[in-house]
Amino acid sequence: HTYDYEGLVANESPMEQRVPNVAEPATGYLWANAARHHLTHRNYGEFVDTKWCVKDVWEVSPATTGNTISACATRVINHGEMLPANLGGKASPWTWPVPKIAGNRATKKELVGHFDPLFPDFKGEYPDQLRADEFLREFAGFVEARKRGERKHELPELVFLRLPNDHTLGTRAKLPTPSAQVADNDLALGRVVEAVSHSEYWEDTAILVLEDDAQDGPDHVDAHRSIALVISKYSPGSVEKPFVEHDFYTTVNMIRTLEDLLGLPPMNQNDALASPMWRMFSGRGEQAAFVADYTNRDNGLLYQTNPEDNRDAKASAELDFSDADAADAQALNAIIWRSVKGDEPLPEIVRGKFPGR
(Lines give C-alpha, C1' and ligand atoms only; values in the text may rest on other atoms or scores of the structure.)
Protein backbone atom coordinates (compact mmCIF):
# COMPACT_ATOMS: atom_id res chain seq x y z
CA HIS A 1 0.00 0.00 0.00
CA THR A 2 1.12 3.56 -0.57
CA TYR A 3 2.29 5.87 2.22
CA ASP A 4 -0.70 8.20 2.57
CA TYR A 5 -0.28 11.52 4.33
CA GLU A 6 -1.42 15.13 4.46
CA GLY A 7 -4.61 14.75 2.48
CA LEU A 8 -3.20 12.64 -0.35
CA VAL A 9 -3.99 8.97 -1.01
CA ALA A 10 -1.83 7.05 -3.50
CA ASN A 11 -0.26 10.41 -4.40
CA GLU A 12 -3.61 11.81 -5.55
CA SER A 13 -6.05 14.24 -3.94
CA PRO A 14 -9.44 12.81 -2.82
CA MET A 15 -10.63 16.40 -2.36
CA GLU A 16 -10.03 17.22 -6.03
CA GLN A 17 -11.70 13.96 -7.07
CA ARG A 18 -14.63 14.72 -4.75
CA VAL A 19 -14.43 11.43 -2.91
CA PRO A 20 -14.01 10.82 0.85
CA ASN A 21 -10.50 10.53 2.27
CA VAL A 22 -10.26 7.25 4.15
CA ALA A 23 -7.52 8.69 6.40
CA GLU A 24 -9.45 11.74 7.62
CA PRO A 25 -10.91 11.74 11.14
CA ALA A 26 -14.70 12.04 11.23
CA THR A 27 -14.55 15.30 13.19
CA GLY A 28 -11.96 16.84 10.90
CA TYR A 29 -8.83 18.78 11.79
CA LEU A 30 -8.20 21.87 13.89
CA TRP A 31 -8.53 24.23 10.91
CA ALA A 32 -11.91 22.68 10.12
CA ASN A 33 -12.97 23.38 13.71
CA ALA A 34 -11.85 27.00 13.25
CA ALA A 35 -13.68 27.31 9.92
CA ARG A 36 -16.91 25.91 11.37
CA HIS A 37 -16.80 28.60 14.05
CA HIS A 38 -15.94 31.44 11.67
CA LEU A 39 -12.41 32.08 12.89
CA THR A 40 -9.83 33.42 10.47
CA HIS A 41 -7.01 30.98 9.74
CA ARG A 42 -3.99 30.65 7.47
CA ASN A 43 -1.70 27.76 6.67
CA TYR A 44 1.99 27.73 5.80
CA GLY A 45 3.03 24.37 4.34
CA GLU A 46 0.81 21.95 6.30
CA PHE A 47 -1.56 19.78 4.21
CA VAL A 48 -0.28 21.70 1.18
CA ASP A 49 1.04 19.76 -1.83
CA THR A 50 3.97 21.52 -3.50
CA LYS A 51 4.95 20.97 -7.11
CA TRP A 52 8.68 21.50 -7.55
CA CYS A 53 10.52 22.54 -10.68
CA VAL A 54 13.04 19.76 -10.11
CA LYS A 55 11.94 16.37 -11.40
CA ASP A 56 10.68 14.33 -8.44
CA VAL A 57 7.98 11.91 -7.32
CA TRP A 58 5.17 14.44 -7.70
CA GLU A 59 5.85 15.08 -11.38
CA VAL A 60 5.69 11.40 -12.30
CA SER A 61 2.64 10.53 -10.21
CA PRO A 62 -0.40 9.06 -12.07
CA ALA A 63 -2.14 12.43 -11.89
CA THR A 64 0.50 14.13 -14.05
CA THR A 65 2.07 13.65 -17.46
CA GLY A 66 5.53 13.01 -16.06
CA ASN A 67 6.90 15.96 -18.03
CA THR A 68 8.81 18.79 -16.43
CA ILE A 69 6.71 21.82 -15.55
CA SER A 70 6.96 24.25 -18.45
CA ALA A 71 6.37 27.30 -16.23
CA CYS A 72 9.84 26.87 -14.70
CA ALA A 73 12.58 28.59 -16.68
CA THR A 74 15.12 26.97 -14.36
CA ARG A 75 14.81 24.18 -11.83
CA VAL A 76 17.09 25.34 -9.05
CA ILE A 77 18.80 28.42 -7.65
CA ASN A 78 22.54 27.88 -7.48
CA HIS A 79 24.97 29.53 -5.09
CA GLY A 80 25.24 33.24 -5.90
CA GLU A 81 22.15 33.34 -8.14
CA MET A 82 19.31 35.68 -7.25
CA LEU A 83 16.45 34.51 -5.04
CA PRO A 84 12.83 35.45 -5.88
CA ALA A 85 11.57 38.90 -4.90
CA ASN A 86 9.37 37.54 -2.09
CA LEU A 87 12.52 36.11 -0.49
CA GLY A 88 14.39 39.40 -0.61
CA GLY A 89 15.81 39.20 -4.14
CA LYS A 90 19.32 38.65 -2.75
CA ALA A 91 22.04 36.29 -3.93
CA SER A 92 21.68 32.75 -2.60
CA PRO A 93 24.24 32.05 0.17
CA TRP A 94 23.52 28.31 0.12
CA THR A 95 26.26 26.17 -1.31
CA TRP A 96 23.92 23.54 -2.76
CA PRO A 97 21.22 24.01 -5.46
CA VAL A 98 18.01 25.27 -3.83
CA PRO A 99 14.91 23.80 -5.57
CA LYS A 100 12.36 26.22 -7.01
CA ILE A 101 8.63 26.08 -6.27
CA ALA A 102 6.39 25.54 -9.32
CA GLY A 103 3.10 25.77 -7.42
CA ASN A 104 1.05 24.73 -4.39
CA ARG A 105 -2.39 23.23 -3.87
CA ALA A 106 -4.40 22.65 -0.72
CA THR A 107 -5.45 19.08 0.06
CA LYS A 108 -8.39 20.01 2.34
CA LYS A 109 -11.38 22.13 1.34
CA GLU A 110 -11.11 24.31 4.47
CA LEU A 111 -7.61 25.35 3.38
CA VAL A 112 -8.56 26.49 -0.10
CA GLY A 113 -7.93 30.24 -0.11
CA HIS A 114 -6.37 29.99 3.34
CA PHE A 115 -2.76 29.02 2.56
CA ASP A 116 0.29 30.90 1.34
CA PRO A 117 0.91 29.87 -2.31
CA LEU A 118 4.59 30.83 -1.98
CA PHE A 119 5.30 28.69 1.10
CA PRO A 120 6.29 25.07 0.32
CA ASP A 121 5.69 21.75 2.02
CA PHE A 122 8.48 19.34 3.02
CA LYS A 123 11.67 19.26 0.99
CA GLY A 124 14.94 19.01 2.86
CA GLU A 125 17.02 20.83 0.25
CA TYR A 126 14.86 23.95 0.67
CA PRO A 127 16.24 25.99 3.62
CA ASP A 128 13.96 26.83 6.54
CA GLN A 129 15.43 30.36 6.37
CA LEU A 130 13.53 30.83 3.11
CA ARG A 131 10.35 29.56 4.75
CA ALA A 132 10.89 32.06 7.56
CA ASP A 133 11.56 34.81 4.98
CA GLU A 134 8.21 34.17 3.30
CA PHE A 135 6.25 33.98 6.54
CA LEU A 136 7.88 37.16 7.86
CA ARG A 137 7.08 38.93 4.58
CA GLU A 138 3.38 38.24 5.14
CA PHE A 139 3.65 38.93 8.86
CA ALA A 140 5.02 42.41 8.14
CA GLY A 141 1.84 43.01 6.16
CA PHE A 142 -0.29 41.87 9.11
CA VAL A 143 1.60 44.28 11.38
CA GLU A 144 0.97 47.20 9.01
CA ALA A 145 -2.72 46.25 8.74
CA ARG A 146 -3.05 46.33 12.52
CA LYS A 147 -1.46 49.76 12.65
CA ARG A 148 -3.93 50.99 10.05
CA GLY A 149 -6.88 49.37 11.83
CA GLU A 150 -7.68 47.12 8.84
CA ARG A 151 -9.03 44.22 10.84
CA LYS A 152 -9.79 41.95 7.88
CA HIS A 153 -6.11 42.08 6.83
CA GLU A 154 -4.65 41.44 10.28
CA LEU A 155 -2.87 38.31 11.51
CA PRO A 156 -5.37 35.42 11.33
CA GLU A 157 -6.61 34.01 14.62
CA LEU A 158 -5.16 30.54 13.90
CA VAL A 159 -1.88 30.08 12.02
CA PHE A 160 -0.13 26.83 11.11
CA LEU A 161 3.56 27.27 10.32
CA ARG A 162 5.68 24.36 9.17
CA LEU A 163 9.47 24.38 9.58
CA PRO A 164 10.48 20.80 8.68
CA ASN A 165 14.24 20.70 8.26
CA ASP A 166 15.00 19.26 11.70
CA HIS A 167 14.30 15.90 9.99
CA THR A 168 17.57 16.36 8.03
CA LEU A 169 18.72 14.54 4.88
CA GLY A 170 21.17 12.33 6.70
CA THR A 171 24.63 12.74 5.21
CA ARG A 172 23.76 12.81 1.53
CA ALA A 173 26.81 14.02 -0.38
CA LYS A 174 27.03 17.75 -1.20
CA LEU A 175 23.82 18.49 0.74
CA PRO A 176 23.57 20.19 4.16
CA THR A 177 24.92 18.34 7.16
CA PRO A 178 22.47 17.27 9.90
CA SER A 179 23.99 19.93 12.19
CA ALA A 180 23.47 22.59 9.52
CA GLN A 181 19.83 21.62 9.06
CA VAL A 182 19.07 21.59 12.79
CA ALA A 183 20.75 25.00 13.12
CA ASP A 184 18.70 26.22 10.13
CA ASN A 185 15.51 24.98 11.79
CA ASP A 186 16.38 26.59 15.13
CA LEU A 187 17.20 29.97 13.61
CA ALA A 188 14.05 30.01 11.48
CA LEU A 189 11.92 29.50 14.58
CA GLY A 190 13.99 32.07 16.48
CA ARG A 191 13.43 34.68 13.78
CA VAL A 192 9.67 34.10 13.86
CA VAL A 193 9.56 34.40 17.66
CA GLU A 194 11.72 37.52 17.51
CA ALA A 195 9.40 39.20 15.00
CA VAL A 196 6.17 38.31 16.81
CA SER A 197 7.47 39.25 20.26
CA HIS A 198 8.65 42.67 19.02
CA SER A 199 5.33 43.43 17.32
CA GLU A 200 1.93 44.74 18.39
CA TYR A 201 0.72 41.13 18.36
CA TRP A 202 2.85 40.10 21.36
CA GLU A 203 0.08 41.23 23.71
CA ASP A 204 -2.41 38.62 22.47
CA THR A 205 -0.48 35.94 20.56
CA ALA A 206 0.77 32.56 21.77
CA ILE A 207 3.21 30.40 19.81
CA LEU A 208 2.93 26.67 20.46
CA VAL A 209 5.72 24.56 18.98
CA LEU A 210 5.84 20.78 18.66
CA GLU A 211 8.80 18.98 17.13
CA ASP A 212 7.84 16.52 14.44
CA ASP A 213 9.43 14.34 15.14
CA ALA A 214 12.18 13.29 17.50
CA GLN A 215 12.87 10.40 15.05
CA ASP A 216 11.92 7.87 17.75
CA GLY A 217 15.49 8.28 18.86
CA PRO A 218 17.30 7.44 22.10
CA ASP A 219 16.32 9.51 25.10
CA HIS A 220 17.20 9.15 28.77
CA VAL A 221 13.50 8.95 29.74
CA ASP A 222 11.55 7.52 26.80
CA ALA A 223 12.14 7.24 23.05
CA HIS A 224 8.63 8.52 22.36
CA ARG A 225 9.33 11.95 23.85
CA SER A 226 9.37 15.06 21.71
CA ILE A 227 10.17 18.70 22.35
CA ALA A 228 7.32 21.16 22.93
CA LEU A 229 7.53 24.90 23.51
CA VAL A 230 4.86 27.38 24.60
CA ILE A 231 5.87 30.99 23.99
CA SER A 232 3.83 33.99 25.07
CA LYS A 233 3.90 37.20 27.07
CA TYR A 234 2.17 35.30 29.88
CA SER A 235 4.87 32.70 30.47
CA PRO A 236 5.60 32.06 34.18
CA GLY A 237 9.31 32.01 33.30
CA SER A 238 11.68 34.48 31.69
CA VAL A 239 14.19 34.71 28.85
CA GLU A 240 17.00 34.06 31.34
CA LYS A 241 15.22 31.21 33.16
CA PRO A 242 12.47 29.52 31.12
CA PHE A 243 9.74 27.64 32.99
CA VAL A 244 9.86 23.86 32.57
CA GLU A 245 6.55 22.00 32.89
CA HIS A 246 6.98 18.52 34.36
CA ASP A 247 3.43 17.25 33.91
CA PHE A 248 2.77 14.56 31.31
CA TYR A 249 1.30 15.95 28.09
CA THR A 250 0.63 14.65 24.58
CA THR A 251 -0.12 16.32 21.26
CA VAL A 252 -3.82 16.16 22.18
CA ASN A 253 -3.16 18.37 25.23
CA MET A 254 -1.63 20.93 22.90
CA ILE A 255 -4.67 20.77 20.62
CA ARG A 256 -6.93 21.28 23.64
CA THR A 257 -4.82 24.26 24.70
CA LEU A 258 -5.17 25.83 21.26
CA GLU A 259 -8.92 25.27 21.33
CA ASP A 260 -9.22 26.94 24.73
CA LEU A 261 -7.12 29.92 23.63
CA LEU A 262 -9.31 30.37 20.55
CA GLY A 263 -12.63 29.72 22.27
CA LEU A 264 -13.26 26.60 20.18
CA PRO A 265 -15.20 23.55 21.45
CA PRO A 266 -13.49 20.15 21.50
CA MET A 267 -13.77 18.09 18.31
CA ASN A 268 -14.21 14.69 19.97
CA GLN A 269 -13.84 12.92 23.31
CA ASN A 270 -10.04 12.80 23.01
CA ASP A 271 -9.49 16.56 23.18
CA ALA A 272 -12.56 16.99 25.39
CA LEU A 273 -10.90 14.86 28.10
CA ALA A 274 -7.39 16.32 27.65
CA SER A 275 -6.15 18.91 30.13
CA PRO A 276 -5.06 22.30 28.78
CA MET A 277 -1.47 23.31 29.45
CA TRP A 278 -2.64 26.10 31.72
CA ARG A 279 0.53 26.54 33.79
CA MET A 280 2.30 27.83 30.70
CA PHE A 281 0.07 30.93 30.86
CA SER A 282 0.19 31.55 34.61
CA GLY A 283 2.67 34.43 34.45
CA ARG A 284 1.95 38.12 35.01
CA GLY A 285 2.23 39.17 31.37
CA GLU A 286 5.78 40.43 31.74
CA GLN A 287 7.66 38.11 29.38
CA ALA A 288 10.17 40.26 27.49
CA ALA A 289 10.58 40.14 23.72
CA PHE A 290 13.05 37.59 22.36
CA VAL A 291 16.13 38.13 20.20
CA ALA A 292 17.18 35.45 17.71
CA ASP A 293 20.70 34.02 17.94
CA TYR A 294 22.43 34.37 14.56
CA THR A 295 25.69 32.71 15.62
CA ASN A 296 25.28 29.65 13.39
CA ARG A 297 24.54 31.83 10.38
CA ASP A 298 27.51 34.12 10.99
CA ASN A 299 29.98 31.28 11.64
CA GLY A 300 28.89 29.47 8.46
CA LEU A 301 27.37 26.36 10.07
CA LEU A 302 24.09 26.87 8.17
CA TYR A 303 25.91 26.42 4.87
CA GLN A 304 28.05 23.37 5.65
CA THR A 305 27.61 20.34 3.38
CA ASN A 306 28.46 16.66 3.64
CA PRO A 307 31.64 15.60 1.80
CA GLU A 308 31.21 13.16 -1.06
CA ASP A 309 33.26 10.46 0.62
CA ASN A 310 31.56 10.51 4.04
CA ARG A 311 31.00 7.10 5.63
CA ASP A 312 27.19 7.15 5.33
CA ALA A 313 26.80 8.93 1.98
CA LYS A 314 25.66 5.75 0.20
CA ALA A 315 23.28 4.71 3.00
CA SER A 316 21.80 8.23 3.09
CA ALA A 317 21.34 8.25 -0.68
CA GLU A 318 19.26 5.07 -0.39
CA LEU A 319 16.84 6.56 2.17
CA ASP A 320 13.50 7.97 1.00
CA PHE A 321 13.34 11.69 1.75
CA SER A 322 10.35 12.42 -0.49
CA ASP A 323 8.26 13.00 2.64
CA ALA A 324 9.05 13.88 6.23
CA ASP A 325 8.32 10.38 7.58
CA ALA A 326 9.23 8.15 4.64
CA ALA A 327 12.86 7.46 5.58
CA ASP A 328 13.67 4.48 7.80
CA ALA A 329 13.84 6.07 11.26
CA GLN A 330 16.36 3.69 12.85
CA ALA A 331 18.74 3.91 9.91
CA LEU A 332 18.49 7.70 9.85
CA ASN A 333 18.99 7.91 13.63
CA ALA A 334 22.26 5.99 13.35
CA ILE A 335 23.49 8.15 10.47
CA ILE A 336 22.72 11.39 12.30
CA TRP A 337 24.35 10.06 15.49
CA ARG A 338 27.58 9.11 13.67
CA SER A 339 27.68 12.50 11.91
CA VAL A 340 27.89 14.20 15.31
CA LYS A 341 29.36 11.57 17.67
CA GLY A 342 31.65 9.57 15.38
CA ASP A 343 32.34 6.07 16.65
CA GLU A 344 30.75 6.60 20.06
CA PRO A 345 28.15 3.80 20.52
CA LEU A 346 24.47 4.64 20.12
CA PRO A 347 22.61 4.79 23.45
CA GLU A 348 20.15 2.03 24.16
CA ILE A 349 16.58 3.01 23.31
CA VAL A 350 14.48 3.41 26.46
CA ARG A 351 10.78 2.53 26.42
CA GLY A 352 9.33 4.06 29.57
CA LYS A 353 5.87 3.65 31.02
CA PHE A 354 3.20 6.30 31.25
CA PRO A 355 3.51 7.98 34.63
CA GLY A 356 0.91 6.91 37.18
CA ARG A 357 -1.33 9.89 37.90
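Preceding block: the structure.
Basis of the calculations
- Residues numbered from 1 in each chain as written.
- Predicted model: local features only at pLDDT ≥ 70, side-chain atom pairs only at ≥ 80, totals over all residues.
- Heavy atoms only, no water.
- Helix = DSSP H or I, 4+ residues; strand = E, 2+ residues; numbered from the N terminus.
- Rg over C-alpha atoms; globule rule 2.2 N^0.38 Å.
- Buried < 20%, exposed > 50% of the residue type's maximum accessible area, 1.4 Å probe, protein only.
- Contact = heavy atoms within 4.5 Å.
- Areas by Shrake-Rupley, 256 points an atom, 1.4 Å probe, with all protein chains shown as cover.
- Lys, Arg positive; Asp, Glu negative; His and termini not counted.
- Charge placed at Lys NZ, Arg CZ, Asp CG, Glu CD.
- Core = buried A, V, L, I, M, F, W, Y, C linked by side-chain atoms within 4.5 Å.
- Disulfide = S-S within 2.5 Å.
- Pairing = 2+ DSSP bridges.
- Polar contact = N/O pair within 3.5 Å; in protein donor to acceptor, adjacent residues only side chain to side chain.
- Salt bridge = Lys/Arg side-chain N within 4 Å of Asp/Glu carboxyl O.

Visitor: Can you break down the overall build of the protein residue by residue, with the values?
Guide: Scanning the protein from N- to C-terminus turns up 9 helices and 8 strands. Since a compact globule built from 357 residues should have a radius of gyration of about 21 Å, the 21 Å found for the protein is in line with a globular shape. Over its C-alpha atoms, taken along the principal directions, the protein stretches across nearly 55 × 50 × 45 Å. Per-residue burial over the protein gives 43% buried out of 357 residues. Within the protein, contacts between residues at least 6 apart in sequence are counted, and of these 70% link residues at least 24 apart. Surface accessibility of the protein: about 18900 Å² in total, with carbon and sulfur atoms responsible for 54%. Where the 37 positive side-chain charges of the protein centre and where its 55 negative ones centre are 3 Å apart.

Visitor: Provide a residue-level description of the nonpolar core, including the pertinent values.
Guide: If you look at the biggest cluster of nonpolar residues, it comprises 23 residues, and the most contacted ones within it are Leu83, Trp94, Val98, Tyr126, Leu130, Leu319 and Phe321. Setting aside residues up to four positions removed in sequence, leucine 130 forms contacts with Leu83, Leu87, Trp94 and Val98. Counting 16 residues, the second-largest nonpolar core is a separate cluster that includes Leu136, Phe142, Leu155 and Val196.

Visitor: If you had to explain the state of the cysteines to someone new, which residues and values would you point to?
Guide: With the rule as written, the count across this model stands at 1 disulfide. The disulfide that involves cysteine 53 links it to cysteine 72, with 2.0 Å between the sulfurs. What sets the handedness of the cysteine 53 and cysteine 72 disulfide is the S-S torsion sign, and at about -65° it is left-handed. On the criterion of sequence distance, the pair formed by cysteine 53 in the loop between strand E2 (48–52) and strand E3 (76–77) and cysteine 72 in the loop between E2 and E3 is long-range, its members being 19 residues apart. Like cysteine 53, the residue cysteine 72 is buried in the burial classification.

Visitor: Describe the pairing of strand E6 (residues 158–161), naming the residues involved and giving the relevant values.
Guide: A one-sided burial pattern is seen for E6, the buried positions being Leu158 and Phe160 and the unburied ones Val159 and Leu161. Sheet topology note: the strand E1 (residues 41–44)/E6 ladder contains 4 bridges and is parallel. Bridge pairing in E6 places asparagine 43 opposite phenylalanine 160.

Visitor: Got a sec to walk through the side chain of serine 232? Specific residues and values, please.
Guide: If you trace the backbone, serine 232 turns up in the loop between strand E8 (228–231) and helix H5 (251–262). For serine 232, the side chain forms a polar contact with the main-chain nitrogen of tyrosine 234, separated by 3.0 Å. Non-local contacts of serine 232, meaning those with residues more than four positions away in its chain, are made with Trp202, Thr205, Ala206, Phe281 and Gln287.

Visitor: Can you lay out the environment of alanine 183 for me, pointing to particular residues and giving the numbers?
Guide: Among the structural elements, alanine 183 can be located in helix H4 (residues 178–197). When the C-alpha positions of alanine 183 and threonine 95 are compared, they lie 15 Å apart, and in sequence the two are 88 residues distant. Dropping the residues within four chain positions of it, alanine 183 is found in contact with Asn296, Leu301 and Leu302.

Visitor: Break down the pattern of salt bridges for me, with residues and values.
Guide: Within the structure shown, the criterion is met by 25 salt bridges. Residue arginine 42 is joined to glutamate 138 by a salt bridge in which the shortest nitrogen-to-oxygen separation is 2.8 Å. Of this pair, arginine 42 sits in strand E1 while glutamate 138 sits in helix H3 (residues 128–148), and the two are 96 residues apart along the sequence. The exposure class of arginine 42 is buried, given its relative accessible area of 16%.

So yeah, pure geometry; function would need other evidence.
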